[in-house]
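Structural features, examined
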Amino acid sequence: MPSEGGLTGPLSEGAAANQGHPPDAALPALRLTEEQIGLLRREGEVRPVAAGEVLFREGDQGYDFIVILAGQVVIMDHQAGAERELAAGGPGDFVAELNLLTRERLFTTAVVTEPGEVLAVPVARLQAVISQDQGLGQWIIRAMFARRQWLMERQTGLRIVGSRSSPQTRRLLEFAVRNRLRQPSNADLARAAGVGTGPPADMTYDVAIIGAGPAGLAAAVYGASEGLSTALVDAMAVGGQIGTTSRIENYLGFPVGISGGEFAERASIQVLRFGASVVLPATATGLSGDATARVIHLDTGASLTASSVIIATGVTYRKIDAAGLDRFGGLGVYYSPLGVHDEIHPGDPVVIVGGGNSAGQAAIWLAGRGHRVTIVIRGTDLAESMSRYLIDRIAGRADIEIRYHSVVRALDGSQRLERVEVEDLTTATRETWPAVALVVLVGAEPHTGWLAGSVLLDDGGYVITGPGLGPDTRYSSPWTGRQRDPYLLETSAPGVFAAGDIRSGSVKRAAAAVGEGSIAVRFVSEHLGRRAGFATPAPSG
Ligand SMILES: Cc1cc2nc3c(=O)[nH]c(=O)nc-3n(C[C@H](O)[C@H](O)[C@H](O)COP(=O)(O)OP(=O)(O)OC[C@H]3O[C@@H](n4cnc5c(N)ncnc54)[C@H](O)[C@@H]3O)c2cc1C
């Protein structure tokens, strides 16, 4: 492992900043060991540097991973036109930040202040080291994340100026927060506006994954780790829906839960470690091409060519306008009844918002497991939106109450949700009810608008895959003449797969999305002819 040395410059402070230290605390230094530098020497080139030499400059895109062997390098940026020194590093330090791997534009400048010698490792060679040497690779990536954090704490980049109530300001703020940038740089905003770089124009990826939620992230990790050239595209940020939750309590391997932000960050590290190209922010606007090459059109004006595609664009659950809703995401607010019962105690009161069949089924299911359920609907008649058989079953139960012409206005609790405030719209009076779970079932929008006409969708707009595709699809073009039926997660277009919440009939859970993302890669390999078909193990004996 890299040693803790005697560095004084903040170049080394990032790692500790990530451990929760205040921005200006004195932080331990981290340095590459001689052994590690020796390993990197095999991949790079040693060259002398003169005082005043600029190693990279704000606005540049792409640079080498630089290890300082002798001399000193200072990192600086500009705030309101004034130059600001951020960090200084000496022998054993490396000069690189997360943007080296994400290929974002730079928002800092590195200048040699004392002449010496550096080792410059091209990014492609660094990627190889990262995937071959787990210890060093993980440490370098963690240090890069830590430096990003450290730079955020020093407010590098621009301020977003705008009205709190403006949707445009809120969109930019969400982009900044979801990408863990408190003050995004010019380059970030330029990319957010669709200006900036896209994927390499001259490359055909083995697989392009659209959507970097749990399904897309898992697909990217499995794709890149199996040696497929992999591009991962997202309109907003890595993490998808799960990146917006304060805590996931039911994900295997995290007994005390994990925050959505940490889940996204850990997954990003894995994706980058295996060398997938991450293209964001970029929204897919169309899909064209045929089974030999698919073209994904992006809102940046660029396009991406790939031999196969995994659609993992997920859904957006419709929300209700209630104070505190986002605060209790994953802490009592659910957009599906699945898992609610596992996370609360028998008898705990549950409030369901919505008057559709999903609300009716959820109410019966939860009441059947011992919970007191109240359904809150804005309308005055369930028959407008719910099937008769569900209405009848609800009517026969004393443990389900329906509050008509009512809306949930606010949520409250200390650690988790404890109560909700409900307004009766007829009398304009409000009551506070105990509730440990609020299940919001007012519909979801699948992100399939960009796929219009290219793959078959079900009535709700979700992507149909595998067995869901009827004979009409399987016995017509482009499937006629093929020696196989669509794979389990394959869409009506050969070589185009779907995984996670976007898939028709999907379970709408993070673990299911991760599972489907990884399985989809197996089918991609089959489609590309990198694997023999699935074999059934022969019985032994
Ligand atoms: C508040 C909340 C709490 C939750 N808590 C839990 C929990 O505790 N446990 C659990 O198992 N599940 C939980 N879930 C459900 C879980 O988050 C989802 O099932 C899971 O995120 C689905 O993953 P996905 O990759 O299929 O899609 P998503 O997570 O929806 O990701 C889709 C991604 O695609 C991107 N995208 C969309 N359209 C485009 C486009 N045209 N171009 C490029 N990118 C695009 C989006 O920006 C997004 O990042 C929760 C969901 C919510 C909303």
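Scroll up a little and you will see the structure.
The notes below deal with the structure included here. (Residues numbered from 1 in each chain as written. Predicted model: local features only at pLDDT ≥ 70, side-chain atom pairs only at ≥ 80, totals over all residues. Heavy atoms only, no water.)

Right, let's get into helix H9 (residues 260-273). Taking 1.5 Å of rise per residue, 14 residues should cover 20 Å, and H9 covers 20 Å from first to last C-alpha, within 8% of that figure. Counting buried positions along H9 gives ten out of 14 residues, so the element sits mostly inside the fold. Where H9 begins, one side-chain oxygen reaches toward the backbone nitrogen of Glu 262, 3.1 Å away; that side chain belongs to Ser 259. Looking one or two residues past H9, Gly 275 carries a phi angle of roughly 90 degrees, positive in sign. (Helix = DSSP H or I, 4+ residues; strand = E, 2+ residues; numbered from the N terminus. Expected span 1.5 Å × (residues − 1). Buried < 20%, exposed > 50% of the residue type's maximum accessible area, 1.4 Å probe, protein only. Polar contact = N/O pair within 3.5 Å; in protein donor to acceptor, adjacent residues only side chain to side chain.)

A complete count under the given rule lists 19 salt bridges for this structure. Two residues, Lys 319 and Asp 326, come together in a salt bridge whose shortest N-O distance is 2.9 Å. Between Arg 474 and Asp 485 there is a salt bridge, with its nearest N and O atoms 3.6 Å apart. Taken together, the residues span a long stretch of sequence, with Arg 474 in helix H13 (residues 471-474) and Asp 485 in the loop between H13 and strand S23 (496-498) at a distance of eleven residues. Residue class for Arg 474 comes out partly exposed when judged on its relative accessible area of 21%. The class for Asp 485 is partly exposed, based on a relative accessible area of 42%. Overlapping salt bridges, with partners in common, bring together Arg 409, Glu 421, Glu 423 and Arg 430 in one network. (Salt bridge = Lys/Arg side-chain N within 4 Å of Asp/Glu carboxyl O.)

This part covers the site of the ligand. Among the 31 residues in the neighbourhood of the ligand, the closest are listed as Asp 234, Gln 241, Ala 284, Asp 501 and Ala 510. Separating an oxygen atom of the ligand from a backbone N or O atom of Ala 215 is a distance of 2.9 Å. A distance of 2.8 Å is found between a nitrogen atom of the ligand and a backbone nitrogen or oxygen belonging to Ala 284. Protein contacts shield 91% of the accessible area of the ligand, which totals 1000 Å² for the unbound molecule. For the shell around the ligand, the secondary-structure elements that each account for two or more residues are helix H8 (214-225) and helix H14 (510-527). (Near = heavy atom within 4 Å. Areas by Shrake-Rupley, 256 points an atom, 1.4 Å probe, with all protein chains shown as cover.)

What follows is about helix H2 (residues 34-41). Those residues of H2 that fall on the buried side of the exposure criterion are Gln 36, Ile 37 and Leu 40. The buried residues of H2 occupy an angular sector of 100 degrees when the element is viewed end-on, so they sit on one face. The exposed set on the far side of H2, more than 90 degrees from its buried face, consists of Glu 34 and Glu 35. (Arc of directions from axis to C-beta.)

Our focus in this paragraph is the packing of helix H11 (residues 357-368) against helix H12 (residues 388-395). Relative to each other, H11 and H12 sit at 35 degrees, their axes nearing to 10 Å. Read as a crossing pair, H11 and H12 show a hand that is left-handed. From H11, Asn 357, Gly 360, Gln 361 and Ile 364 reach across to H12, where they touch Tyr 389, Leu 390, Arg 393 and Ile 394. In terms of residue class, the contact of H11 with H12 is made up of four nonpolar, three polar and one charged. (Axes fitted to C-alpha atoms, helices over the stretch in contact; angles between N-to-C directions. Left-handed = near helix turned anticlockwise from the far one by under 90°. Contact = heavy atoms within 4.5 Å. Nonpolar A, V, L, I, M, F, W, Y, C, P; charged D, E, K, R; others polar.)

All right, on to the nonpolar core then. Leu 40, Phe 65, Val 67, Leu 126, Met 144 and Ile 310 are the most contacted members of the largest nonpolar core, which has 73 residues in total. Considering each element in turn, this core owes the most residues, nine residues, to helix H5 (residues 134-153). Per-domain counts for this core show at least three residues from each of domain 1 (14-153) and domain 2 (204-314 + 447-527). Excluding residues within four positions of it along the chain, Ile 310 makes contact with Val 207, Ala 208, Ile 209, Ile 210, Ala 219, Phe 497, Ala 499, Ala 520, Val 521 and Val 524. Core analysis: the next-biggest nonpolar cluster, separate from the first, contains 24 residues, Ile 344, Ala 363, Met 386 and Ile 394 among them. (Core = buried A, V, L, I, M, F, W, Y, C linked by side-chain atoms within 4.5 Å. Domains from an automatic or database assignment.)

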